[in-house]
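The primary structure of each chain is shown beneath.
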Amino acid sequence: MVFIFARYLLMPFALIAAVLFAMGAHIIGTSLHHQAAWQRTVATVTDASPYSETRANGLTTDGINVVVSYVANDAPMTWSGKDKDIGLYKAARADRIEFYYDPADPSNLDTAAMKGWRGGLLLLAVTGGFTLFYIWFFWLRGRKTPPMAPSTVRVAGAGAGPADQQRGTFGRR
């Protein structure tokens, strides 16, 4: 009874872990794709100014507006916007930062390709391990006898009495 209760009580956590596992796989896949198909460049921060946003729910978000200059496809480029849009969370004027850019659209920058795969691996390991253990422990392994209980199956011999006779399927006589 407790086993069945635990099985269904932990199910939402296993489903959340499965979704996080898929997110981790997406992070790693995106990082590997950007490293393989995108070009690497070094950008120089030409301007960085702090900003603060207040959302409709009252939460405040702090960050920096940043302007970076870089060379893509042998042409000088400039990108400006919020730091989080390109995966940059700290920057000061004159900082040099490595980026990947999309050769088809050089204004599409990404730093996560160099940093995000480690977090994705951690996410895969933790959530995948929990999900696999949950599925194996609660759904796949056989539950023939309760744990730590003596066996109810006995061998019937020539002088065996009614208590020693072998029980049938599911413990019935």
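How each quantity is defined
- Residues numbered from 1 in each chain as written.
- Predicted model: local features only at pLDDT ≥ 70, side-chain atom pairs only at ≥ 80, totals over all residues.
- Heavy atoms only, no water.
- Helix = DSSP H or I, 4+ residues; strand = E, 2+ residues; numbered from the N terminus.
- Buried < 20%, exposed > 50% of the residue type's maximum accessible area, 1.4 Å probe, protein only.
- Contact = heavy atoms within 4.5 Å.
- Areas by Shrake-Rupley, 256 points an atom, 1.4 Å probe, with all protein chains shown as cover.
- Salt bridge = Lys/Arg side-chain N within 4 Å of Asp/Glu carboxyl O.

1. Focus on the overall build of the chain
In step 1: Counting its secondary structure elements, the chain contains three helices and five strands.
In step 2: Listing each helix as α and each strand as β along the chain from the N terminus yields α-α-β-β-β-β-β-α.
In step 3: Sorting the 173 residues of the chain into buried and exposed places 25% on the buried side.
In step 4: Within the chain, contacts between residues at least 6 apart in sequence are counted, and of these 57% link residues at least 24 apart.
In step 5: Roughly 12000 Å² of accessible area belongs to the chain as shown, and the carbon and sulfur atoms make up 63% of that amount.

2. Section: the environment of Trp 79
In step 1: Its place among the elements puts Trp 79 in strand β3 (residues 75–82).
In step 2: Trp 79 sits in the buried class, given a relative accessible area of 13%.
In step 3: Residues within four places of Trp 79 in sequence aside, it is in contact with Val 66, Val 67, Val 68, Tyr 70, Asp 85, Ile 86, Ser 107 and Leu 109.

3. Considerations on the pattern of salt bridges
In step 1: Scanning the model with the defined rule gives three salt bridges in all.
In step 2: The salt bridge involving Arg 93 is made with Asp 47; its shortest N-O contact spans 2.7 Å. Here the residue Arg 93 occupies a position in the loop between β3 and β4 (96–102), and Asp 47 occupies one in strand β1 (residues 39–54), the gap between them amounting to 46 residues.
In step 3: The class of Arg 93 is exposed, set by a relative accessible area of 57%.
In step 4: Close ionic contact of Lys 82 with Glu 53 constitutes a salt bridge, the shortest N to O distance being 2.2 Å. Of the two residues, Lys 82 sits in strand β3 while Glu 53 sits in strand β1, which places them 29 residues apart along the sequence.
In step 5: Accessibility expressed as a relative area gives 29% for Lys 82, which makes it partly exposed.

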